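What follows is each chain in one-letter form.
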Amino acid sequence: MKCEEEMEYKCVECGFEIKTLFVQYSPGNIRLMKCIILIDLVLHKQKAYRHLLYNALNQETMNLEGLLWKSTMAFILLDAYRSLLLQRNEEQQGSSLSYSLLVSRSQKVSMDVFVGNLIFFCILLLAMRILLNKSVEISRCRNLFGAIVVSSYFKIFFIAMMVWEFPSSVIFIIDLFVFSSNTVALRVITECDLKRCIAACFTAHATKLLVTQLPMLLSTCCG
């Protein structure tokens, strides 16, 4: 009996500890315990996001600090590549750019993206204060920041655009998926009304889009 009590089970998908391997609803009606799967995240199921944010990313054995830094770097780099794709589509220059011009443009885009994301999170915190009546403590800012970064996993599809050519409309489709995913993550973190979470995320994303795209539009018009 003692050995059975000390036995621990873990989900084969996320590694989180579970108490039992199956649930018996009635004699002969046994169902295996299901855990998070990728399709549940794509379908924006709240229970999948809740499990990912509260269970899978909060284990003592996981280096959350390292994961957060790596995810943030990937988040910014993919955003920068998105801006470069839009500029390339606008100017229709592609590979005709010189190396020095490409480096200087990449540095400028990276700075614009960094400032844009900083403003994004500031506006999101302000929107949470006004629309959701939520004041985020400093200790919880990291959880909110991590939830937004992790729920932006759709940005990884920008990598495919490094190999295959897609129309610029695909970029905005990815943006739409990121926006909806961020909304679900925000609702899970705050447990607020869906409409208010949509409004908060929309305000933050719209401000970020304006800040990052306005310089490019102005330079295009002036040129």
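Here the structure is a predicted model, which is why all the values come from computation and not from measurement.

Draft legend 1. A look at unusual backbone geometry. We note that His 44 has phi near 60 degrees; this positive angle belongs to a residue other than glycine. In this structure, His 44 sits in the loop between helix 2 (38–42) and helix 3 (46–56). One non-glycine residue, Glu 191, adopts positive backbone phi at about 55 degrees. Of note, Glu 191 is situated in the loop between helix 7 (169–190) and helix 8 (194–222). Residue classification places Glu 191 among the exposed residues on the basis of a relative accessible area of 67%.

Draft legend 2. Broad picture of the pattern of salt bridges. Per the counting criterion, the structure on display carries 4 salt bridges. Taking the shortest distance from any N to any O, the salt bridge between Lys 155 and Asp 79 comes out at 2.6 Å. Remark: Asp 79 occurs in helix 4 (residues 64–91) and Lys 155 occurs in the loop between helix 6 (138–150) and helix 7; sequence separation between them is 76 residues. Here Lys 155 falls in the buried class, since its relative accessible area comes to 5%. Residue Asp 79 is classed as buried on the basis of its relative accessible area, which comes to 4%. In this structure, the salt-bridge partner of Asp 79 is Lys 208, at a minimum N-O distance of 2.6 Å. In this pair, Asp 79 is assigned in helix 4 and Lys 208 in helix 8, connecting sequence segments 129 residues apart.

Draft legend 3. Structural detail: the side chain of Ser 181. Within the secondary structure layout, Ser 181 lies in helix 7. Looking at Ser 181, its side chain comes within polar contact range of the side chain of Tyr 49, at 2.7 Å. In this structure Ser 181 touches His 44, Tyr 49, Ser 151, Tyr 153 and Phe 154, once residues within four positions along its chain are discounted.

Conventions and cut-offs
- Residues numbered from 1 in each chain as written.
- Predicted model: local features only at pLDDT ≥ 70, side-chain atom pairs only at ≥ 80, totals over all residues.
- Heavy atoms only, no water.
- Helix = DSSP H or I, 4+ residues; strand = E, 2+ residues; numbered from the N terminus.
- Buried < 20%, exposed > 50% of the residue type's maximum accessible area, 1.4 Å probe, protein only.
- Salt bridge = Lys/Arg side-chain N within 4 Å of Asp/Glu carboxyl O.
- Polar contact = N/O pair within 3.5 Å; in protein donor to acceptor, adjacent residues only side chain to side chain.
- Contact = heavy atoms within 4.5 Å.

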